[in-house]
Amino acid sequence: MIITLDFKSETPIYMQLRNAVVVAIRRGDLKDGEKLPTIRQLAEELGINAMTVNKAYAILKNEGFISIDRRHGATVTRPEGGRAEYREKLEQELTLVISEASLKGVGRKEFLDTCADIFAALAAGQPSIAE
């Protein structure tokens, strides 16, 4: 699993890690049932504090993207249910993203085209539309 962190970003490292795992699951880089590195292994690999990895794993577990077992470590799981709750979160986050895009001069068509491009790239297993 290749994870790139931006230490200059305003997004906290634990959230960057969480986001990278979610995108890797969606792209198919991480499969259902696949074992993730231990907290210590991933912290060493990324050069970050183990508590940062622990926080990211805890969020992923709470969201249903991974399961954690003391004997077997963390494994990828597909979240079940929760669609109604997620829809509320999606609407809140999209409201913010659309507001920011609009304030920066991105129109509706450009925004929707970008969304379609990202969906297509993810379906094709590409990390982003820029690659």
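Scroll up a little and you will see the structure.
Rules used in this analysis
Residues numbered from 1 in each chain as written. Predicted model: local features only at pLDDT ≥ 70, side-chain atom pairs only at ≥ 80, totals over all residues. Heavy atoms only, no water. Helix = DSSP H or I, 4+ residues; strand = E, 2+ residues; numbered from the N terminus. Contact = heavy atoms within 4.5 Å. Areas by Shrake-Rupley, 256 points an atom, 1.4 Å probe, with all protein chains shown as cover. Lys, Arg positive; Asp, Glu negative; His and termini not counted. Charge placed at Lys NZ, Arg CZ, Asp CG, Glu CD. Pairing = 2+ DSSP bridges. Buried < 20%, exposed > 50% of the residue type's maximum accessible area, 1.4 Å probe, protein only. 1 Å grid on protein atoms, 1.4 Å probe; cavity = no way out; pocket = protein on both sides within 12 Å on 5 of 7 lines; lining within 4 Å. Points joined across faces, edges and corners; volume = space filled by probe spheres on them. Patch = residues over 30% accessible without salt bridge, like charges linked within 9 Å, V, L, I, M, F, W, Y side chains within 5 Å. Salt bridge = Lys/Arg side-chain N within 4 Å of Asp/Glu carboxyl O. Axes fitted to C-alpha atoms, helices over the stretch in contact; angles between N-to-C directions. Parallel < 35°, antiparallel > 145°, perpendicular 65-115°, else oblique. Left-handed = near helix turned anticlockwise from the far one by under 90°. Nonpolar A, V, L, I, M, F, W, Y, C, P; charged D, E, K, R; others polar. Core = buried A, V, L, I, M, F, W, Y, C linked by side-chain atoms within 4.5 Å.

**Side note on the overall build of the protein**
Piece 1. Along its length, the protein carries five helices and two strands.
Piece 2. In sequence order, the protein lays out its α and β elements as α-α-α-β-β-α-α.
Piece 3. Counting only C-alpha atoms and orienting by the principal axes, one finds that the protein spans roughly 50 × 35 × 25 Å.
Piece 4. Partitioning the intrachain contacts of the protein with sequence separation of at least 6 by distance along the chain shows that 52% fall at a separation of at least 24.
Piece 5. Here the protein has roughly 9,600 Å² of accessible surface; of this, 54% comes from carbon and sulfur atoms.
Piece 6. When the 18 positive and 19 negative side-chain charges of the protein are each reduced to one mean point, those points stand 3 Å apart.

**Some points on the pairing of strand E1 (residues 66-69)**
Piece 1. The sheet contact formed by E1 and strand E2 (residues 73-76) spans four bridges and is antiparallel. Pairing of Ile68 across the sheet is with Ala74, part of E2.
Piece 2. The antiparallel pairing of E1 with E2 creates a hairpin that spans three residues between the two strands.

**Observations regarding the environment of Asp113**
Piece 1. By the secondary structure assignment, Asp113 is in helix H5 (residues 108-123).
Piece 2. Relative accessible area serves as the criterion here: at 35%, Asp113 is assigned to the partly exposed category.
Piece 3. C-alpha separation for the pair Asp113 and Val21, spaced 92 residues apart in sequence, amounts to 25 Å.

**Remarks on the layout of surface pockets**
A probe as big as a water molecule, rolled over the atoms, marks out the empty space that is left.
Piece 1. Reported here for the second largest pocket is a volume of approximately 310 Å³.
Piece 2. Lining of the second largest pocket is provided by 14 residues; of these, Ile3, Thr4, Gln16, Ala20 and Arg27 occupy positions nearest its centre.

**Remarks on a nonpolar patch on the surface**
Piece 1. On the surface, Tyr86, Leu90, Leu94, Val97 and Ile98 cluster together into a nonpolar patch covering about 400 Å² of accessible area.
Piece 2. Looking at where Leu90 falls in the secondary structure, it is placed in helix H4 (residues 83-103).

**A look at the packing of helix H1 (residues 13-27) against helix H3 (residues 50-62)**
Piece 1. Running from N to C, H1 and H3 point in directions that differ by 50 degrees, and their axes come no closer than 8 Å. The angle between H1 and H3 falls in the class oblique. The interaxial crossing formed by H1 with H3 has right-handed handedness. Where H1 abuts H3, its residues Ile13, Tyr14, Met15, Leu17, Arg18, Val21 and Val22 lie against Thr52, Val53, Lys55, Ala56, Ile59 and Leu60.
Piece 2. Taken together, the residues of the contact of H1 with H3 sort by class into 10 nonpolar, one polar and two charged.

**Things to note about the pattern of salt bridges**
Opposite charge on two side chains permits them to pair, given that their charged atoms come into close proximity.
Piece 1. Tallied over the entire structure, the rule returns seven salt bridges.
Piece 2. Linking Glu63 and Arg18 is a salt bridge whose minimum nitrogen-to-oxygen distance equals 2.9 Å. Here Arg18 lies in helix H1 and Glu63 lies in the loop between H3 and E1, a separation of 45 residues in the sequence.
Piece 3. Close ionic contact of Lys109 with Asp113 constitutes a salt bridge, the shortest N to O distance being 2.8 Å.

**Description of the nonpolar core**
Piece 1. Counting residues in hydrophobic clusters, the biggest one holds 22 residues, and the most contacted among them are Leu17 and Tyr57.
Piece 2. Elements represented by at least two residues in this core include exactly H1, helix H2 (39-46), H3 and E2.
Piece 3. No other element matches the six residues that H1 contributes to this core.
Piece 4. In this structure Tyr57 touches Leu36, Pro37, Ile39, Leu42, Ile66, Ile68 and Ala74, once residues within four positions along its chain are discounted.

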